[in-house]
Structures are given as structure tokens and as C-alpha cells.
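Residue strings, one per chain:
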Amino acid sequence: MAVSSPERLRMRFDLLDVDGSGALTFADFALYASRVCVVLGVPSDSPKAKALAEGCRRFWDGLAAAADRNKDGKVGFEEYSSFSHDDAWFAEYGEAYVAAVSTVCDLDDDGLIERDHFLGLHSAAGFPLAYSTKLFSDLDSGEAGRVSSDRFAEFLRAFYTGADDLL
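In this report, we go over the structure that sits alongside the text. (Residues numbered from 1 in each chain as written. Predicted model: local features only at pLDDT ≥ 70, side-chain atom pairs only at ≥ 80, totals over all residues. Heavy atoms only, no water.)

## Quick word on the pattern of salt bridges
Our working definition: Should a side-chain nitrogen of Lys or Arg be within 4 Å of a carboxyl oxygen of Asp or Glu, the pair is scored as a salt bridge. In this text, helices come from DSSP runs of H or I with a minimum length of four residues, and strands from runs of E with a minimum of two, each type numbered from the N-terminal end. Burial classes follow relative accessibility: with a 1.4 Å probe on protein chains only, a residue under 20% of its type's maximum area counts as buried, one over 50% as exposed, and anything between as partly exposed.
Counted according to the given criterion, the structure contains seven salt bridges. Arginine 10 is the salt-bridge partner of aspartate 14, the closest N and O atoms lying 3.1 Å from each other. One end of the pair is aspartate 14 and the other is arginine 10, both in helix H1 (residues 5–16) and four residues apart, which spans about a single turn. What makes aspartate 14 partly exposed here is its relative accessible area of 40%. In this structure, lysine 134 and aspartate 138 form a salt bridge, with 2.8 Å as the shortest nitrogen-oxygen distance. Residue lysine 134 and its partner aspartate 138 are located together in helix H7 (residues 129–140), separated by four residues, close to a single helical turn. By sharing partners, the salt bridges in this structure join Glu54, Arg57 and Asp61 into a single network.

Shown next as C-alpha cells:
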């Protein structure tokens, strides 16, 4: 199931709009971090939970600074669609997010993400199960039901910064 670049733009926005309000706010990022920790059973005071919360805050701060043109504390789809997650922006604001997301679901810290944890992360984010299952299968590459957290981080970078179609 390929996702074209224009479809990915809408998908990214809808997934980041965790509360479904039609606009992105810091509350969406905080809610996402909280949901992921609850779904995966990660204690809110753990280093992984704190790294995820910080990665989400940093992502939001960069997004708000770059895309919130009317400075109302919200980023609507029109503002978001005119914004680009280019490599320079992503290096400054997105890398902490990618690192935290790709490691929070590696619950035993072995560098591999179990299928159930991967699907749990994606369900917390609102990804459709069929997409998440297909994505896991495509990323698994012979790991017998596990995905390398590094490979997943590479995918996340491409999801946010790439112009090409994805899986």
C-alpha cells in the first residue's frame, strides 16, 4: 500500500491532530506522548517517557515557530501544508522526536521493536491497523517479528522529510 506525497501530507496532519480539532496545538503532542506511554505501559516518569515528551515539545516548538503564521498557538492545515519539514528544520526540531518515538517502543532496549509494541505505538497515533500491519511487514526484513529501531527511525525521517512515495 503506497502512500503518495500529497496523501502523506494529509496523513501527517491528521495523525498529529490527536484530539481531532482540525488544528495542531501543543496539547496534541502532549496527548500523543501520554497515549503512547499508556498503551505501551511506559511509566510517565521514566527516561523514555521524558524523552518522548521532550521530543514532542521540541517538534511542536519548531512547527509553531515555522508554520503558525497568525501566531494564534494553532497550526491549521493550510498553514501546515505551506510548511516544509526540510532537512535543516528536521535536524533541529525533528531528530529528538524520531529518536524518542523509535526507542520508546523498544521496551527491552535490544534495538528491536516487537510487532505488538510497534502496532501499539501506531494505534496510539491513530494509524489505520491495515497500514500499520503492512508497514511492520515491510520494515521487518527477516527479523522474525521485530523491526530494528534504527530502521524505524529512518522510515520516520522519510515520512516527515521525503518527497517520494512511501510504502
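## So, helix H5 (residues 87–104)
The line we're drawing: At any given residue, the bend is defined as the angle formed between two axes, one fitted to the seven residues that end at that position and one fitted to the seven that begin there. N or O atoms closer than or at 3.5 Å make up a polar contact, with two conditions inside protein: a donor-capable atom paired with an acceptor-capable one, and, for residues adjacent in sequence, both atoms drawn from side chains.
The sharpest bend along H5 measures roughly 60° and falls at glycine 94. Every buried residue of H5 is accounted for by Trp89, Phe90, Tyr93, Gly94, Tyr97, Val98, Ala100, Val101, Ser102 and Val104. Backbone nitrogen of alanine 88 and a side-chain oxygen of the N-cap are separated by 3.3 Å at the start of H5; the cap is aspartate 86.

## Details of the packing of aromatic side chains
What counts, and what does not: Only Phe, Tyr and Trp rings take part, Trp by its six-membered ring, and two of them pair if their centres are within 6.5 Å. Stacked means planes under 30 degrees apart, edge-to-face means over 60, and tilted covers everything else. For a ring to carry a charge above it, either NZ of a lysine or CZ of an arginine must fall within 6 Å of the ring centroid while also lying within 35 degrees of the normal to the ring plane.
In the structure shown here, the tally under the stated rule is 20 aromatic pairs. Here phenylalanine 13 and tyrosine 80 contribute two aromatic rings whose centre-to-centre distance is 5.6 Å and whose plane-to-plane angle is 55°, an arrangement assigned as tilted. With phenylalanine 13 in helix H1 and tyrosine 80 in helix H4 (residues 77–81), the pair connects residues that are 67 residues apart, well separated along the chain. Considered together, phenylalanine 13 and tyrosine 80 belong to a single accessibility category, that of buried residues. A cation sits over an aromatic face here: arginine 10 above phenylalanine 77, 4.0 Å from the ring centre.

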